[in-house]
There are 2 protein chains.
Amino acid sequence: MADCVDQTTASTRERIIAAAEYLFAERGFAETSLRLITSRAEVNLASVNYHFGSKKDLIQAVFDRFMDRLTAELAIELASLRQQGGKPTVEAVLTTFLRPLQALDQLEPNGASIFMRLLGRAYAETQGHLRRFVLGKYGHVLAEFTQALKQAYPDLPASELFWRLHFMLGSLVFAIGGSNALGEISAADFNEQVGLDDVVARLIPFLAGGFKAPVTR
Amino acid sequence: MADCVDQTTASTRERIIAAAEYLFAERGFAETSLRLITSRAEVNLASVNYHFGSKKDLIQAVFDRFMDRLTAELAIELASLRQQGGKPTVEAVLTTFLRPLQALDQLEPNGASIFMRLLGRAYAETQGHLRRFVLGKYGHVLAEFTQALKQAYPDLPASELFWRLHFMLGSLVFAIGGSNALGEISAADFNEQVGLDDVVARLIPFLAGGFKAPVTR
DNA sequence: GTATGTTTCAAACACTCGTTTAATTGAAAA
DNA sequence: TTTTCAATTAAACGAGTGTTTGAAACATAC
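Just so it is clear, the structure is predicted and the values come from calculations on it, not from any experiment. (Residues numbered from 1 in each chain as written. Chains lettered and ligands numbered in written order. Predicted model: local features only at pLDDT ≥ 70, side-chain atom pairs only at ≥ 80, totals over all residues.)

Draft legend 1. Fine view of the protein's contact with DNA strand C. Around DNA strand C there are 16 residues in total, and S33 and S54 of chain A together with T12, N44 and A46 of chain B lie nearest to it. Contributing elements (two or more residues each) for the surface near DNA strand C: α2 (34–41) and α4 (55–84) of chain A together with α3 (47–52) of chain B. Class assignment for the residues of the surface near DNA strand C results in seven nonpolar, six polar and three charged. (Near = placed C-beta within 6 Å. Helix = DSSP H or I, 4+ residues; strand = E, 2+ residues; numbered from the N terminus. Nonpolar A, V, L, I, M, F, W, Y, C, P; charged D, E, K, R; others polar.)

Draft legend 2. Just the interface of chain A and chain B, in detail. Across the boundary between the two partners, chain A contributes 38 residues, which contact 39 residues of chain B. Every element with two or more residues in the side of chain A that touches chain B is listed here: α6 (111–124), α8 (158–177), α9 (179–190) and α10 (196–211) of chain A. Here the element with the most residues in the side of chain A that touches chain B is α8 of chain A; it accounts for 14 residues. In terms of residue class, the side of chain A that touches chain B is built from 19 nonpolar, 11 polar and eight charged. (Contact = placed C-beta atoms within 7 Å.)

Draft legend 3. Region of the structure containing the protein's contact with DNA strand D. The local shell around DNA strand D holds 16 residues, among which T12, N44 and A46 of chain A together with S33 and S54 of chain B are the closest. Counting only elements with at least two residues in the surface near DNA strand D, the list comes to α3 (47–52) of chain A together with α2 (34–41) and α4 (55–84) of chain B. Here the surface near DNA strand D is composed, by residue class, of seven nonpolar, six polar and three charged.

Draft legend 4. Spatial organisation of the relation of the copies chain A and chain B. Each copy superposes on the other: chain A lies on chain B with an RMSD of 0.0 Å after a rotation of 180° and an axial shift of 0.0 Å. Such a combination of turn and shift is consistent with a two-fold rotation axis. Taking C-alpha positions as reference, the residue of chain A nearest the rotation axis is G210 of chain A, located at 2.0 Å. Comparing interface residues between copies, 100% of those in chain A also sit at the interface in chain B, which points to an isologous, same-surface contact. (Least-squares fit on C-alpha atoms with pLDDT ≥ 70 in both.)

Draft legend 5. Fine view of helix α5 (residues 90–107) of chain B. All names here are of chain B. In this model, α5 (18 residues) spans 27 Å end to end at C-alpha, consistent with the 26 Å of a helix rising 1.5 Å per residue. At L98, α5 shows its maximal bend, which comes to roughly 30°, and the proline P100 appears one to four places after that position. Among the residues making up α5, those that are buried are V90, V93, L94, T96, F97, L98, P100, L101, L104 and D105. (Expected span 1.5 Å × (residues − 1). Bend = angle between axes of the 7 residues up to and from the residue. Buried ≥ 20, exposed ≤ 12 C-beta atoms within 10 Å, placed from the backbone.)

Here it is in structure tokens:
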């Protein structure tokens, strides 16, 4: 149970968020009760409603915490990409958007995997409430991703770019979200210890190869 | 609500399964109550436990129904692929495994999308009970997929094939599972009406391009 | 017709859930 | 010290959950 929040000194708010993000990613939103969260965080049950208002608000708070750290890192990487000038390679664009994810992993054990699983669940969740919240508040990230890819491959039709972007997102969420489980299989079957960096290193040529594939219509 | 089960003549069992597979895909397993299922199927609440035993058994029954139809189609396609002999192209292998999914869509409106969403949820679900059930009972499908890809690209290291297979799975689940929502965006933004066949047509070059990408270690 | 076995039904069961309440604690401000 | 306000606590609330029950309805065979 290696949370990066010091359970002895951390505030009640922080301990709730730390426990919640782990359990939400591990078990899902509906399957994670407030009692499970508060007992893991060793705080009183009512403190969730006191500090966050409701369970739904807690879920959004967990997302906000991740997205804030992510967008901060992403702004730096994007600036660095633009500073280089000229037409970026697809690989460079992918690296730009993946590095903040890797940074998340250093900030907190399995941070990237946890966040990707949360993102995957948000897309699947009931009626898409959470998906709309995430897209509404952080849709600009997707837009910047789209724009950067457009610069790397200007001839690709907009609709094709749209679909390939989502194909890539699927690979990302699936592979990084499941990197722990897949990594264990990889270690057992191929005697290869793979961490997040290795997964990303394998992902980039795959995604770039798919993205640059000829359009056959 | 266009289910393909005739609600007036279909047996209670069939009506429950039809309602359940739609609601499970749309809302998730935990978020779908037996009362919601039985009221949609217009049957008595207790009939689920009578015919299936428990909610968990119903979930497995829904999967079995999909997988049985899928593996039947897949056996035909695989035989056809092997009959051609020689080294298959990656595109041919992908087509082999995607056609049964498309067949599912003709058998039942949105069948492929529903099944992919179910599969995505199964992978994410609590503690992976369902994932283990699916992998245990239908893991041979994944093994055959792996083997066919190996024939198409013999030089690709086994571990690299393993990871690229799962990258492809991620794209598949994400894109086909969300094909309805993504199709609506595509129709609105690009004036392009896209059905499942169009998504598959776009997927194949993307996946093949990724799979055939050079290995950079 | 009666008997037999299957299927349906309304009602209740025990349980968990998110949320609320009112009392209590703690520490800083007056 | 007294006041004040934020934070914590135990307990309860009402709603919703999967499941069980025993009787009723149905169909089939004798």
